[in-house]
Amino acid sequence: MTDLHLSGAATLLPTDVPGVVLYSGAFEALIADLRLGIEALGADEPFERIAVPPVISRALVERAGYVKAFPHLLGTVHSFTGTAAEWGELSGRPDWHATQQIGDLVLLPAACYPLYATLEGQELAGPARFATSAHCFRQEGSNETGRLRSFRMAEYVTAGTQQHCEDWRTRWLDRVADWLGAMDLKAVVEVADDPFFGRARKVFQAAQRAQELKYELRVELADGLVQAIASANCHKDTFGTIFGFTAEGEPGHTACAAFGLERIALALIHAHGAYPAQWPEPVRAALTGESVR
């Protein structure tokens, strides 16, 4: 049997833990092409690009409500706080981690979370727009294709008035759906029922569906396996209230368009095969954004 990762195929290589994989060179090249395509999608808006690290302040995540909504998904950073001599006593013991304590950082659960705090206390003279991407983590220990604990997310984020954010989200939902369609991915748009924020889960799910705050674009990643690969979301004035920024004298609203890079890549591989160089030219042009430049 041919080793796919040695033959130039875009593929994932399993490790000894579920939800964590290695990436072949061709897979990484595909991710790089996806980044070009996503960048081209946002080329007509004045996004400020901000690089985000893979860790975030625990206090900020708690303040933003993520811990209340998703404590089971959050990855925390623990470390040893004793002396070098005390560490020497633990070195080599199977329970070396028993005395470690939670620190002031957690693993980044979504690329957009650090951005809202940069607006704290501001009155927005016009819409704010950010572009970012990051390595993210969610504690989902599963061997299901596409359900990774460590994954990459690209996001466009905006903040402003309610009308601006609702119009922006609608425009980006259509834009992302058109882009996926140009790559021959048959995306189904669905209202999501997972909560953004830390409220009573069942109550908020019902309210979110009624208000249509979060739309997911769902595509088949393997035979019979459909997952969300992108989303377009309105957060209402939640972050504006938490971080005290306003637009036209009212708490600011926010919206985002999010792209799961590994999942989009896997959907493309499922649709067109493991060798991107052999894909139809229109798919390649849409992938890298050549068709929209």
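These notes cover the structure that comes with them. (Residues numbered from 1 in each chain as written. Predicted model: local features only at pLDDT ≥ 70, side-chain atom pairs only at ≥ 80, totals over all residues. Heavy atoms only, no water.)

Moving on to the nonpolar core. Of all hydrophobic cores here, the largest spans 45 residues; its most connected members are Trp 172, Trp 179, Met 183, Phe 259 and Leu 268. Counting residues per element, the ones that place at least two in this core are helix H1 (25–41), strand E9 (150–160), helix H6 (162–182), strand E11 (214–222), strand E12 (225–236), strand E15 (253–260), helix H9 (261–272) and helix H10 (281–288). Ignoring any residue separated from it by four or fewer positions in sequence, one finds Trp 179 in contact with Leu 34, Gly 37, Ile 38, Leu 41, Phe 259, Ile 264, Ala 286 and Leu 287. Grouped together as the second largest cluster of nonpolar side chains are 34 residues, Ala 69, Tyr 116, Phe 151 and Val 157 included. (Core = buried A, V, L, I, M, F, W, Y, C linked by side-chain atoms within 4.5 Å. Buried < 20%, exposed > 50% of the residue type's maximum accessible area, 1.4 Å probe, protein only. Helix = DSSP H or I, 4+ residues; strand = E, 2+ residues; numbered from the N terminus. Contact = heavy atoms within 4.5 Å.)

All told, the structure shown has 13 aromatic pairs when counted by the stated rule. Relative to Phe 239, the ring of Tyr 113 lies with its centre 5.9 Å away and its plane at 90 degrees, an arrangement referred to as edge-to-face. Of this pair, Tyr 113 sits in helix H5 (residues 113–116) while Phe 239 sits in helix H8 (residues 238–243), placing them 126 residues apart in sequence. No difference in accessibility class separates Tyr 113 from Phe 239, as the two residues are buried. Where Tyr 116 meets Phe 239, the ring centres are 4.0 Å apart and the plane angle is 5 degrees; that geometry is what we call stacked. One end of the pair, Tyr 116, is in helix H5; the other, Phe 239, is in helix H8, and 123 residues separate them in sequence. Residues Tyr 116 and Phe 239 agree in their burial class; the two are buried. Through pairs of rings, three or more aromatic residues link up here, namely Phe 47, Tyr 156, Trp 168, Trp 172, Trp 179 and Phe 259. Seen from the ring of Tyr 23, Arg 152 lies directly overhead, with NZ or CZ sitting 4.5 Å from the centre. Stacked on the ring of Trp 172, the Lys or Arg Arg 175 has its end atom at 4.6 Å from the ring centre. (Phe/Tyr/Trp six-rings, centres within 6.5 Å; stacked < 30°, edge-to-face > 60°. Lys NZ or Arg CZ within 6 Å of the ring centre and 35° of its normal.)

This part covers the environment of Leu 213. Looking at the secondary structure, you find Leu 213 in the loop between helix H7 (201–211) and E11. Take Leu 213: its relative accessible area is 6%, and that puts it in the buried class. Spatially, the C-alpha atom of Leu 213 lies 25 Å from that of Ala 43, the residues being 170 residues apart in sequence.

Each strand in a sheet pairs with another by means of backbone hydrogen bonds, the pair being arranged parallel or else antiparallel. An order of E7-E13-E14 is seen for the three strands of this open sheet, with the pairing classed as mixed. With partners counted over all chains shown, the strands left at the sheet margins are strand E7 (123–124) and strand E14 (250–251), one partner each. Note that strand E13 (residues 246–247) and E14 share two bridges and pair antiparallel. Note on E14: the bridge partner recorded for Ala 247 is Glu 250. (Pairing = 2+ DSSP bridges.)

Tracing the backbone through its elements, the reader meets Arg 49 in strand E3 (residues 48–49). Owing to a relative accessible area of 54%, Arg 49 belongs among the exposed residues under this scheme. As for Arg 49 and Cys 234, which are separated by 185 residues in sequence, their C-alpha atoms are 20 Å apart. Apart from the residues lying within four places of it in its own chain, the contact partners of Arg 49 are Ala 131 and Thr 132.

Summed over all chains, the structure comprises 14 salt bridges. In this structure, Glu 45 and Arg 171 form a salt bridge, with 3.6 Å as the shortest nitrogen-oxygen distance. Placement of Glu 45 in the loop between H1 and E3 and of Arg 171 in helix H6 is noted, with a sequence separation of 126 residues between them. Accessibility expressed as a relative area gives 11% for Glu 45, which makes it buried. Across the pair Glu 45 and Arg 175 runs a salt bridge whose closest N-O atoms are separated by 4.0 Å. Within this pair, whereas Glu 45 is found in the loop between H1 and E3, its partner Arg 175 is found in helix H6, the two being separated by 130 residues in sequence. Just as Glu 45 is buried, Arg 175 falls in that class too. (Salt bridge = Lys/Arg side-chain N within 4 Å of Asp/Glu carboxyl O.)

In this section: H1. Over its 17 residues, H1 runs 25 Å from end to end, which matches the ideal 24 Å to within 8%, given 1.5 Å per residue. Here H1 has its buried residues at Phe 27, Leu 30, Ile 31, Asp 33, Leu 34, Gly 37, Ile 38, Ala 40 and Leu 41. (Expected span 1.5 Å × (residues − 1).)

Moving on, we get to H6. Compared with an ideal rise of 1.5 Å per residue, which puts 21 residues at 30 Å, H6 spans 30 Å between its outermost C-alpha atoms and is within 8% of the ideal. Of the positions making up H6, those classed as buried are His 164, Cys 165, Trp 168, Arg 169, Trp 172, Leu 173, Arg 175, Val 176, Trp 179 and Leu 180. A positive backbone phi angle near 60 degrees is found at Asp 184, which sits one or two residues after H6.

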